[in-house]
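Analysis of the macromolecular model
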Amino acid sequence: MSKRVLTTESGAPVADNQNSATAGVGGPLLLQDQHLLEKLARFNRERIPERVVHARGSGAYGYFEVTDDVTAYTKANFLNQVGKRTDLFIRFSTVADSLGGADAVRDPRGFAVKFYTEEGNYDLVGNNTPVFFIKDPIKFPDFIHSQKRDPFTGKQEPDNVWDFWAHSPEATHQITWLMGDRGIPASYRHMNGYGSHTYQWTNAEGEAFFVKYHFKTNQGIRCLSSEQAAEVVGKDANSHQTDLLQAIERGVNPSWTLYVQIMPAAEAASYRFNPFDLTKVWPHADYPLQRVGRMVLDRNPDNVFAEVEQAAFSPNNFVPGIGPSPDKMLQGRLFAYADAHRYRLGVNHTQLPVNAPKATVADNYGRDGFMATRNGSRHDKNYEPNSYAGPAQTDQPLSAPLAVHGHTGTHAAPAHVKDDDFFQAGELYRLMSEEEKSRLVANIAGGLSQVSREDVIEKNIAHFHAADPDYGKRVEEAVRALRED
Ligand code: HEM
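Not measured: the values here are computed from a predicted model.

Now for the overall build of the chain. The helix and strand inventory of the chain stands at 12 helices and 10 strands. Relative to the globule expectation of 23 Å for 485 residues, the C-alpha radius of gyration of the chain, 25 Å, shows essentially globular dimensions. Principal axes of the C-alpha set define a box for the chain whose edges measure 80 × 65 × 50 Å. Relative to all contacts within the chain whose residues are 6 or more apart in sequence, the contacts with residues 24 or more apart total 74%.

What follows is the structure, encoded as C-alpha cells:
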C-alpha cells in the first residue's frame, strides 16, 4: 500500500506539519505559509451553533420491520406489508442542558427517528414521555428560558423553573412524570419513546384516523434514583453515549416494539377531553395499543459531528398517509425545526448524507444557496411548469383534510367535558406504590424548597393539591420540613 501523503485542503502535499515557515532562523512567521494559515483558520470554524434545546445527544442507525398489518388505517408505503424493512437513523438526547452537560440527569429524553422511506424521509420527533409541559407553542420560548441556564447566574435556577410552572397548571401531569421514577432513565436503551402528539393517519380510501405512537423498549425500563444518578454523572458524564455505543459495538442491538393507539377521526370532537391536548394521554381502555412493528439499532455512526450533530429532524417531514393533527403544539413545531436547521446548518442541510433521502431522490426546483451540492444536470429546467419532462405534482392528497370551524382569533382549545389540567396527574399519582410516591414527593420538595418566593411555592403546592389532596399535602409537608432545616 502506498504511503498516504498529508495534503492541504486543495490537495497539495505538505512538506512540514511540525515547523511553521519563518523569515530566517528564529524570525517571524511568513504570510506565504499556506498550510499554517489554512490550518489555523479552519480550526477556528470547527464549531457550529448547538441545538437551542436537545443539544446533547447520541445517534445510531438501524431498521424498522413491519410485524402487523395496519393498511386499514394508513396508506404509508413503508408500513404497507408485513415483513417490510425500512432503514432509519435515531438520535436520542437530553433537553435542557448545553453540550457540556451530563447524560444521567432528571430531564425528558428526546427520541427522534428518521425513516428513510421510498416516499421520502419520515421524521417522528418524539420524547420518552407521552405528554409535555405546555399545550400552546407560544409558551415554548418562555418555558425553555425558565429551564435553561439563567442569564445572570449561568446555571439552572429553581426560582425560574418553578416560577414558570407556578403559572402553568397544565404542566402538573408532566412534572409528576418527570419527578417520578422514570425521570432519570438508566440509559437510552432502557426507556420507551412516544410520538406524544396526536397525528393523523389516512388510508387508501381517504378515511382519517388519529393516532398516538408508543415505542416500548425490549430491554426493559431501567431508571436511576437521584442519588444513583449523581454517582453515575461523577464517574462518566457521557454515560448514555457510552452505553449505546458499546452495546452496538458488541453486537447487542437494542430494539423497541412500536404500537399505536387509533381513534377514528369522527370520535375526536365528542371525546371527553381534547384528544389534541399534548398534556394528556389517551387511556388504553379507550384506545388499546395495536402493534405495528419493531425498530432495531445495529450500527454506530462513523463520525459524530457529520452524522449526529448535523442530523436534522423535522416534525413536518411526513409521507403520504401520515399527517399532522390540529394539536397546536405540533402545528408550532411544523415551523420551528426546519427553521432551526436553516440557521444551524444552512439551507442545504437536506443534502447532507444523514439527512438526504436514501430510498428515493429529492427532485424539485429548489436551487443554489450556500454549499449546494445537488445541482440539476445541464438540461434540467429550474422552473415549473415546463415543457421538458421535469418533476411534476402527483395530484394525490397526502392525507385527509382536517375539519375547521368558527372565526380566526387567539382561542383557547375547544371545550370538552373534562378539560381540567389536573385529573391525569392525580391518576398517575394514585397509580404509584407508596415507595414511588415518597420518592416523587422527595424529588419535588428537593427543588421546590430552594425557591426564594413563598407565593411561587404556594402556587405549585396548590397544583399538586388539585391533582390529589394527599399529593398536595405530602409535597407541602416535605417542602416545609426542608425549609425549616
Ligand atoms: C429539538 C423546538 C416541543 C422533541 C428542538 C429544536 C427546536 C425545537 C428549535 C432544535 C432543532 C435543531 O436544531 O435541530 C420546539 C418547539 C416546541 C417543541 C417550538 C413546542 C412548540 C417538543 C416536543 C417534543 C420535542 C413536544 C417531543 C414530543 C424534540 C426532540 C429534539 C427537539 C427529540 C431533538 C431532535 C434531534 O435529535 O435533533 N425542538 N420543540 N420538542 N425537540 Fe422540540
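Attention now moves to the packing of helix α3 (residues 158-166) against helix α11 (residues 454-467). Where α3 contacts α11, the two axes come as close as 9 Å, and the packing angle between them is 50°. Classified by the angle their axes make, α3 and α11 are oblique. Seen from above, α3 lies across α11 with left-handed handedness. Contact residues: Trp 162, Asp 163, Trp 165 and Ala 166 in α3; Val 456, Lys 459 and Asn 460 in α11.

On to helix α6 (residues 239-249), then. Buried within α6 we find His 240, Gln 241, Leu 244 and Ile 248. Down the axis of α6, the smallest arc covering the buried residues is 100°, so these residues share one side. In α6, those exposed residues whose orientation departs by more than 90 degrees from the buried face are Gln 246 and Glu 249. In this fold, the buried residues of α6 make contact with β1 (57-66), β2 (85-94) and β9 (290-299). Residue Gly 251 follows α6 closely and has a positive phi angle near 85°.

Another point: the packing of helix α10 (residues 434-448) against helix α12 (residues 469-484). It is the contact of α10 with α12, at a shortest axis distance of 9 Å, that shows an interaxial angle of 45°. For the element pair α10 / α12, the angle class is oblique. As α10 packs across α12, the resulting crossing turns out to be right-handed. Here Val 441, Ala 442, Ile 444, Ala 445 and Leu 448 of α10 lie close against α12, whose contacting residues are Arg 474, Val 475, Ala 478, Val 479 and Leu 482. Considered class by class, the residues forming the contact of α10 with α12 number nine nonpolar, no polar and one charged.

As a further point, take the site of the ligand. Within the structure, the ligand sits among 27 residues, and His 54, Arg 91, Gly 110, Pro 137 and Ser 196 are positioned closest to it. Elements with a minimum of two residues in the shell around the ligand: β2, β3 (109-117), β4 (120-127) and α8 (328-344). The biggest single contributor to the shell around the ligand is α8, with eight residues. In terms of residue class, the shell around the ligand is made up of 14 nonpolar, nine polar and four charged.

With an omega dihedral of 5°, the bond running from Glu 384 to Pro 385 counts as a cis peptide bond. Relative to the helices and strands, Pro 385 is located in the loop between α8 and α9 (423-431). Despite not being glycine, Asp 368 shows a phi value in the positive range, around 65°. Along the chain, Asp 368 falls in the loop between α8 and α9.

The next point concerns the UniProt feature "domain: Catalase core" (unreviewed entry) in the chain. The feature "domain: Catalase core" (unreviewed entry), as annotated in UniProt, sits at residues 7-392 in this numbering. The span residues 7-392 is 21% helix and 20% strand, and its two end C-alpha atoms sit 44 Å from each other.

Right, let's talk about the pairing of β4 for a bit. Burial of β4 is extensive: seven of the eight residues sit out of reach of the surface. Here β3 folds back onto β4 in antiparallel fashion, the turn holding two residues.

It is worth spelling out the pairing of strand β8 (residues 255-264) at this point. Two faces make up the sheet, and in a regular strand the side chains alternate between them. In the sheet, strand β7 (residues 208-217) pairs with β8 via nine bridges, with the strands oriented antiparallel. The partner of Phe 215 across the bridge, within β8, is Leu 258. Two strands pair when backbone bridges link them, and β8 and β9 are joined in this way by six bridges, in the antiparallel orientation. Bridge pairing links Trp 256 to Met 295 in β9.

Below, the discussion takes up the nonpolar core. Ranked by size, the top nonpolar core spans 52 residues in total, and within it Leu 88 and Ile 90 carry the most contacts. Here the element with the most residues in this core is β7; it accounts for six residues. Excluding its chain neighbours within four sequence positions, the residues that come into contact with Leu 88 are Gly 62, Tyr 63, Phe 64, Val 113, Lys 114, Phe 115, Tyr 116 and Met 295. If you look at the next biggest cluster of nonpolar residues, it comprises 35 residues, including Phe 164, Leu 278, Leu 448 and Val 479.

On to α8. Compared with the 24 Å implied by 1.5 Å per residue over 17 residues, the 24 Å span of α8 between its first and last C-alpha is a close match. Within α8 the residues assigned to the buried category are Met 329, Leu 330 and His 341. In the core, the buried residues of α8 are packed alongside β10 (322-324). Phi turns positive one or two residues past the end of α8, at Gly 346, with a value near 105°.

With respect to the element layout, Asn 382 can be found in the loop between α8 and α9. You can call Asn 382 partly exposed: it has 13 C-beta atoms within 10 Å. With 16 residues separating them along the chain, Asn 382 and Gly 366 place their C-alpha atoms 7.6 Å apart.

What counts as what
Residues numbered from 1 in each chain as written. Predicted model: local features only at pLDDT ≥ 70, side-chain atom pairs only at ≥ 80, totals over all residues. Helix = DSSP H or I, 4+ residues; strand = E, 2+ residues; numbered from the N terminus. Rg over C-alpha atoms; globule rule 2.2 N^0.38 Å. Contact = placed C-beta atoms within 7 Å. Axes fitted to C-alpha atoms, helices over the stretch in contact; angles between N-to-C directions. Parallel < 35°, antiparallel > 145°, perpendicular 65-115°, else oblique. Left-handed = near helix turned anticlockwise from the far one by under 90°. Buried ≥ 20, exposed ≤ 12 C-beta atoms within 10 Å, placed from the backbone. Arc of directions from axis to C-beta. Nonpolar A, V, L, I, M, F, W, Y, C, P; charged D, E, K, R; others polar. Near = placed C-beta within 6 Å. UniProt positions renumbered as here; feature names shortened; annotations may be inferred. Pairing = 2+ DSSP bridges. Core = buried A, V, L, I, M, F, W, Y, C linked by C-beta atoms within 7 Å. Expected span 1.5 Å × (residues − 1).

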